[in-house]
Amino acid sequence: DGVSKVSGSSTSTGSFGYASIDDKLGIGTHSPSASIEVKGNDATIHMKSAAVNNSTYIRMAEDGFQGGFIKYDGGGNNFIIGTHNAADSDASNDIEALTISRDGTKISGSSTSTGSFGAGYFDNKLGIGTSAPATQLHMLKTGTSNELRVDAGTNKQSFIRFSDKGDGAGGLGFAVGHDLDNDGGHDFFIYDTENTTNRLLVDSSGNVGIGETSPDT
């Protein structure tokens, strides 16, 4: 019935030009439960390129390269997670969806990638449309206007808060926003969050109130 198992001692060594495993390959186990199973304390698969600045890949595909991949780019010193949508085996059609620099200082996505996170933390700077942000938040859009949009629920305030009290100190300072009274009113306001007082309001008729929330003129 052919050979169903080939095994060696724990001290045997050797090399092969190539090998074909018809069913499952177990490393550290005689009964692998997957196509490849590696078992052991701190089990590690080490993939190393033949020369400096070359890359290593793991591909998960349906046909050819179509599917997903993880890659270490030795030339750019980046770890990459991506997809391949084309029905071919041409690596130039890889879509690099998420890139993490080797020193861990930068994370970036492709211009077409989308996604959502429950929360995120950036230790230094966040660039949107730029890979070299000059401030904590830097948005760049060339050739057209640029917009920062803050939306709230129906009949709820939307605002930006400014504070010099430091992290976790209550956010005292000023807030600039829309719909002061959470009533669907089309107004613009500047609110003193430290003294809990509205300082300026522009209503939907263009009336301006300074220290007044119902201006007549």
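Refer to the structure above for everything that follows.
Overview of the sheet that holds strand E12 (residues 188-192)
Then comes step 1: What the 5 strands build is an open sheet, ordered E10-E11-E12-E13-E14; its pairing is antiparallel. Every interior strand has two partners, whereas the edge strands, strand E10 (158-163) and strand E14 (208-210), have only one. Neighbour-to-neighbour, the strand axes of this sheet turn through a mean angle of 15°, independent of strand direction.
Then comes step 2: Summarising the sheet, strand E13 (residues 197-202) and E14 pair through 3 bridges and their orientation is antiparallel. In the strand pairing of E14, leucine 200 is matched with isoleucine 210.

Concerning the sheet that holds strand E4 (residues 66-73)
Then comes step 1: One open sheet accounts for 5 strands, arranged E3-E4-E5-E6-E7; its pairing is antiparallel. Every interior strand has two partners, whereas the edge strands, strand E3 (56-63) and strand E7 (107-109), have only one. Sheet twist, expressed as the average angle between the axes of neighbouring strands with direction ignored, equals 10°.
Then comes step 2: In terms of strand pairing, E3 meets E4 through 7 bridges, oriented antiparallel. Residue pairing for E4: arginine 59 is matched across the bridge by phenylalanine 69.

Describing the packing of aromatic side chains
Then comes step 1: Inspection of the entire model under this criterion finds 1 aromatic pair.
Then comes step 2: Here tyrosine 57 and phenylalanine 69 contribute two aromatic rings whose centre-to-centre distance is 6.2 Å and whose plane-to-plane angle is 55°, an arrangement assigned as tilted. Residue tyrosine 57 is found in strand E3, and its partner phenylalanine 69 is found in strand E4; the two are separated by 12 residues along the sequence.
Then comes step 3: Sitting above the plane of the phenylalanine 65 ring, arginine 59 keeps its charged end 3.8 Å from the centroid.

Things to note about the pairing of strand E6 (residues 95-101)
Then comes step 1: Pairing of strand E5 (residues 78-84) with E6, which is carried by 6 bridges, proceeds in the antiparallel orientation. Its bridge partner lying in E6, glycine 82 is registered against glutamate 96.
Then comes step 2: As paired strands, E6 and E7 are joined by 3 bridges and run antiparallel to one another. By the bridge assignment for E7, threonine 99 is matched with serine 108.
Then comes step 3: The hairpin formed by E6 and E7 contains 5 residues between the paired strands, and glycine 104 there has a positive phi angle of roughly 75°.

So, the pattern of salt bridges
Then comes step 1: Going through the model one piece at a time under the given rule, you end up with 4 salt bridges.
Then comes step 2: Residue aspartate 151 is joined to arginine 149 by a salt bridge in which the shortest nitrogen-to-oxygen separation is 2.9 Å. The burial state of aspartate 151 is the same as that of arginine 149; both residues are exposed.

Let's talk about the side chain of serine 158
Then comes step 1: Of note, serine 158 is situated in strand E10.
Then comes step 2: The residues touching serine 158, leaving out its near neighbours within four places in the chain, are Val150, Asp151, Ala152, Val176, Gly177 and His178.

Cut-offs applied
- Every chain's residues receive numbers from 1 upward, in the order its sequence appears when written.
- Residue-level local features of this predicted model are given only where pLDDT is at least 70; pairs of side-chain atoms are given and counted only at 80 or more, and the full residue set underlies all totals for whole chains, interfaces and linings.
- Just so you know, side-chain values use all the structure's heavy atoms and leave hydrogens and water out.
- Strand pairing follows a simple DSSP-based rule, namely that at least 2 bridges must link the two strands.
- Counting from the N terminus, the helices are the DSSP runs of H or I reaching at least four residues and the strands are the DSSP runs of E reaching at least two.
- The angle between two axes is taken between their N-to-C directions and runs from 0 to 180 degrees, where each axis is a line fitted to C-alpha atoms and a helix contributes only its stretch in contact.
- Stacked, tilted and edge-to-face are the three classes applied to pairs of Phe, Tyr and Trp rings, where Trp contributes its six-membered ring and a pair requires centres within 6.5 Å; stacked means planes under 30 degrees apart, edge-to-face means over 60, and tilted covers the rest.
- Two thresholds decide whether a charge sits over a ring: the Lys NZ or Arg CZ must be within 6 Å of the ring centre and within 35 degrees of the ring normal.
- Within this document, salt bridges are pairs made up of a side-chain nitrogen of Lys or Arg and a carboxyl oxygen of Asp or Glu, the two lying within 4 Å of each other.
- Summary of the burial criterion: residues with accessible area below 20% of their type's maximum are buried, those above 50% are exposed, and those between are partly exposed, where the area comes from a 1.4 Å probe applied to protein chains only.
- In what follows, residue pairs with any heavy atoms lying within 4.5 Å of each other are defined as contacts.

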